[in-house]
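# Coordinates in review
Residues per chain are reported as follows:
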Amino acid sequence: MILPDYYEFCCRVKIVAGHDALEKIPALLAEMGSKKPLIITDKGVAAAGLVDIVVNALKDGVTIGGIADNVPPDSDLKVVNQLAGLYRDNACDAIIAVGGGSVMDTAKGVNIVVSENATDLMAFSGAGALNRRLKPLVAIPTTAGTGSEVTLVAVIKDHEKHQKMLFTSYVLLPNVSILDSRMTMTMPPFITAMTGMDALSHAVEGYYCLQKNPLSDAHSLAAVNMIHQYLSTVTQNPSDKEGRLAMAVGACLAGISFSNSMVGIVHNLGHATGAVCGVPHGICMAVLLPYGLEYNMHKCGDTIAELLLPMAGEEVYRTTPKAERADKVVSLIRQMNQDLNAITGGRHARYFSEVKDRDGKQMVPRDVLPAIAKAALLDGATIYNPEDQDYEENLLVLEAAWEGKPLDRSKIKKG
Amino acid sequence: MDLTNGFAFTCPFKTNSGNKALENLPVELAGLNAFKPLIITSRPLAGCRAISTLKNAFGDSGMTLGIFDGVTETADLSVVEQIRDIFVKGQYDSIIALGGGVVVDVAKIVNLAVSQKVADARQLSPATAIRDPLGPFIVIPTAAATGMETSKYAFLQGKSFVSVHLMPDLVILDPRLTRAKDGKAVAEAGFAAFGRILEADIAPDRNPLMHAYAFTALRFLRENLADAVNKRCNKKASLAVANAVAMSGCVISNTDQNVLHRLGQVFQKIVHVHPGMIIGMCLHPFLDDCMKKDSSLIASLLLPLGGDDKYAAMPEAGRAGEALRDIYEFSYEIYRSLKGKIPRTITEAGIQQYLMNDVMDIINQEPDGAYLRTMIDRVGGGSIKA
Amino acid sequence: MGGLIIMKEVHAGGKLLKKVYVAIFLWFTGRAIQATAKVDKEVKKEFDALPDDFTFALGCLPNGPWMVVGKEKGKVKYFGGDLNSRKIHLRLVIKNIEAAFLILSFQESTALATTRNRLMTDGEVPYALSVIRILDIVEVYLLPKIIASLAVKRYPSWWSFGRKLAGRIGVYTRTLLGI
């Protein structure tokens, strides 16, 4: 195990996992001196009946200070301020966030406002601006997942001023994250596949990116193992309780990993694709992941090869010659996309030209790729990618990911 | 890993490890909303060089810091009270513990005293409820660490305080301070960490979160402990061992499986030996017992200890045996290289009868006292008779 | 048993030699960025894409030294070390003088320093990326290949010899003359 010359690692979140983890929340809140939480969620989560399950688990232990389900798919400053007002009006003393990335971000934003009595949230977005403990925050992810229940980042959009506010601080980490199998049971196969590949991309990118460290590596290896083992089965059998819990834990491990080691080209191009074409994040990750590995292969092939054992097991590892292991990892990931495509009846895209919206319309027209390649130049994930990227190379990867053909690695400039 | 019964895991401390780690202190303190730290350390135990290295790390920051370097092995609650008074009068807002063992124990209790604003620290007892997080607390272990520095435990004056809130916010591992001066001390710290992590990682209720820390620490120890013991100029090896020791504090704070740990603690308390000495001795009989109960748990150790290739090449049926062989060879090598400086049996350690009687008194009060007694017998403790 | 209580007040200025080294390098780099913006098409393009009064600062906690570079009336200028001289859109903050010394003595490349959390970015990420690209090109001109390859993530071995030679002469001349 390589010890870097210098590294930092932090995950202060208490993780409570199980088939009845929700029932432990009242005691956990009591430990933090709270008994009146505000529940923040979105309409999708509420419609799936998940909020009811949470409320039932809490019923005798705490007084619910309010349930707000108006979090939009993209976090919104207006909603943050409105929910902060609700928190104050109802004299709440904790926040419970039930949902995916946007709900978590909103909850973190609300927490800043109510803890710092902030009138202008923007003032807290600089480096080092947040250094006082916030109010108790319990995160209950409903996908497996974005990992935002263990990240120290929150992105809040100000739609009026057209700006994105980025908050980074360890104090944003939730106090507790609840991984309960009931919370991901209702995810339909398409969403399960997409969010599962998002989690895999966190684990894999976290493993090869420049800020990797021994602890993030250990989390990545465990995550890769669990996700590869359970994602297809859980997509096929949504009611597999054990599988759902394993995926939730795997996604959490992946979240802890990338939160500490950062991500690279897959997220860089993925963010840009999402921004330009509106493709869901998980699909971008699934499509781009094998390409990100191919792009970085000449820089960190040995590192990528280390993912083979946790992914495929001893038999495959032993019978794959050392020089071929990294490529085998790439082909296994392509196979995963293939399997998920079959299980979801074609909804899980294997490449960008296949991505369609609800009306069957292609979401990534080929002529938009240059715009995505350009937009990627503005995304910070490239800093941690092992190899440098420029516009031409971004386009090269995007074209290959559009067609579904392996990357022509000879075209990557090598320094 | 079996997740059916669920699990809970927490690691409240951040880890900063490596070159010039200390120099980040001003920024790290600011991140904890702290600007005037009190350094609690021990001139005899941590050494003047460590203290001056730490002082110089603040060199460019413009900060004011206080240093109390009078902690000794026999520190008690009156020392805690003395420091508490200094802290309050000097209006400090954070605590940095530089050193290992008793230095960190004292610092934890001081933090408890000042955070709860007690009037007199001598009134503190393990019965004191610790419900809220304490003030900013940073631990900087030196080579004299015991493995308890980052844990939720603090021991002072025969009293055992336990709370997750006692754990530090940050542990800083700087190679200038973790370099081993004494092979025996490193080996003891290494064995203590090794044993504690092993028993947690082969427990039936181990969880994937704790396993990530255990996996990393086991690899670090397996790959570096021998070098750290024998080639003390190898800063990287010492740093890796220090990393593992810090991680072991997190692991033992998240498990109830602590036969080896408790044995180590009892001997430390009564006989004043490093817990690693006893844990090293009891490792073999303990693992032999586990092997008989369920070898599949031992088999999984081959991956962190033997590496990917060895693990994959070994058929499933042979992994547990190979893992044990690896552990025995590894520990044997270290004992051999120390040429008897660390005793392998209690007889060899020359522990006097009356002390063993005191040890047995405590052990007999444990719920699994009978089992612990057999463990002591098997490492030569039974052969000491009046 | 009491202990020796040392109440020590530690002030900035304790690492004079390193601070002087860092200050000299920042001064030189600031002038070099000004020079490269005139000499290199890519750097010029990067600056053109930034707002008209764009200014960034690179320096070290707690009190500097700092390097302030920005655009004024379409031209790229080095504005010295005063953070208050202009509105700053982006600050690349090195956490302490030791880390600054590691970076500016090329023991750690900019990329490596970022991954070792030696730097904090205060400002919009796209600006930071632009500035990093600019700094990388400047370093390729200023440093011999053997050192520049450590300082940047990918050494541009595909640049023509002519570009490197002419560029290096141009950058050094302008940097030393301050034009």
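Residues numbered from 1 in each chain as written. Chains lettered and ligands numbered in written order. Predicted model: local features only at pLDDT ≥ 70, side-chain atom pairs only at ≥ 80, totals over all residues. Heavy atoms only, no water.

So, about the overall build of chain A. When helices and strands are tallied, chain A shows 15 helices and 9 strands. Taking 2.2 N^0.38 as the reference for a compact globule, 415 residues should give roughly 22 Å; the C-alpha atoms of chain A span a radius of gyration of 21 Å, in line with that estimate. With the C-alpha coordinates of chain A rotated into their principal frame, the extents come out at 60 × 50 × 45 Å. In chain A, which comprises 415 residues, the proportion classed as buried is 60%. Across chain A, contacts joining residues at least 24 apart in sequence account for 77% of those joining residues at least 6 apart. (Helix = DSSP H or I, 4+ residues; strand = E, 2+ residues; numbered from the N terminus. Rg over C-alpha atoms; globule rule 2.2 N^0.38 Å. Buried < 20%, exposed > 50% of the residue type's maximum accessible area, 1.4 Å probe, protein only. Contact = heavy atoms within 4.5 Å.)

Next up on the list: the overall build of chain C. When its secondary structure is counted, chain C shows 7 helices and 6 strands. From first element to last, N terminus to C terminus, chain C shows the α and β order β-α-α-β-β-β-β-α-α-β-α-α-α. In terms of overall size, chain C behaves like a compact globule, its C-alpha atoms giving a radius of gyration of 18 Å where 179 residues would be expected to give roughly 16 Å. In terms of its C-alpha atoms, chain C occupies a principal-axis envelope of roughly 75 × 35 × 30 Å. Within chain C, the fraction of its 179 residues that count as buried is 52%. On chain C, roughly 8,400 Å² of surface is accessible, and the fraction owed to carbon and sulfur atoms is 61%. (Areas by Shrake-Rupley, 256 points an atom, 1.4 Å probe, with all protein chains shown as cover.)

Moving on, we get to the pattern of salt bridges. Side-chain pairing between opposite charges can occur once the charged atoms of the two side chains come close. The final tally for this structure, using the stated rule, is 56 salt bridges over all chains. B:Lys20 serves as the salt-bridge partner of C:Glu98, at 3.3 Å between the closest nitrogen and oxygen. Linking C:Glu98 in helix α3 (residues 97–104) with B:Lys20 in the loop between β2 (14–18) and α1 (25–31), this pair reaches from one chain into another. B:Lys20 shares its class with C:Glu98; the two are buried. Among the salt bridges present, the one from B:Arg336 reaches B:Glu333, with a minimum N-O distance of 2.9 Å. On the criterion of helical spacing, the pair formed by B:Arg336 and B:Glu333 is a turn pair, its members being 3 residues apart in helix α15 (residues 316–337). (Salt bridge = Lys/Arg side-chain N within 4 Å of Asp/Glu carboxyl O.)

On the basis of which strands lie adjacent, the open sheet formed by 7 strands has the order β4(A)-β3(A)-β5(A)-β6(A)-β9(A)-β2(A)-β1(B) and mixed pairing. At either margin of the open sheet sits one strand with a lone partner, and together these are β4 (66–68) of chain A together with β1 (7–9) of chain B. Geometrically, the sheet is characterised by an average inter-axis angle of 15° between neighbouring strands, direction not taken into account. Of the strand pairs in this sheet, strand β3 (residues 37–40) of chain A and strand β5 (residues 94–99) of chain A are connected by 4 bridges, and their pairing is parallel. Bridging across to β5(A), A:Ile40 finds its partner in A:Ala97. (Pairing = 2+ DSSP bridges. Axes fitted to C-alpha atoms, helices over the stretch in contact; angles between N-to-C directions.)

With that settled, the discussion passes to the interface of chain A and chain B. Contacts between the two partners involve 41 residues from chain A, matched on the other side by 48 residues from chain B. At the boundary of chain A with chain B, total buried surface from both sides reaches about 3,800 Å², with 56% on carbon and sulfur atoms. Looking at the side of chain A facing chain B, the largest losses of area belong to A:Met1, A:Leu3 and A:Arg12, adding up to 18% of the total buried there. Where chain A meets chain B, there are 5 salt bridges. (Buried area = accessible area lost by both parts, 1.4 Å probe.)

Moving on, we get to the packing of helix α6 (residues 189–208) of chain A against helix α9 (residues 265–277) of chain A. Residues and elements named next belong to chain A. One way to put it is that α6 packs onto α9 with a least axis distance of 9 Å and a crossing angle of 135°. It follows from the interaxial angle that α6 and α9 lie oblique. Residues Asp198, Ser201, His202, Glu205 and Tyr208 of α6 form the contact with α9, whose participating residues are Ile265, Val266 and His267. For the contact of α6 with α9, the per-class residue count stands at 3 nonpolar, 3 polar and 2 charged. (Parallel < 35°, antiparallel > 145°, perpendicular 65-115°, else oblique. Nonpolar A, V, L, I, M, F, W, Y, C, P; charged D, E, K, R; others polar.)

So, about the side chain of A:Asn341. Positionally, A:Asn341 belongs in helix α13 (residues 325–343). Those residues in contact with A:Asn341 that sit more than four places away from it in its chain are A:Gly346, A:Arg347, A:His348, A:Ala349, A:Arg350 and A:Glu354.

Okay, the environment of A:Ile15 next. Relative to the elements of secondary structure, A:Ile15 occurs in strand β2 (residues 14–18). Distance from A:Ile15 to A:Pro174, taken between C-alpha atoms, is 9.9 Å for residues 159 residues apart in sequence. The residues contacting A:Ile15, other than those within four sequence positions of it, are A:Val150, A:Ser177, A:Leu179, A:Cys252, B:Phe7, B:Ala8, B:Phe9 and B:Leu209.

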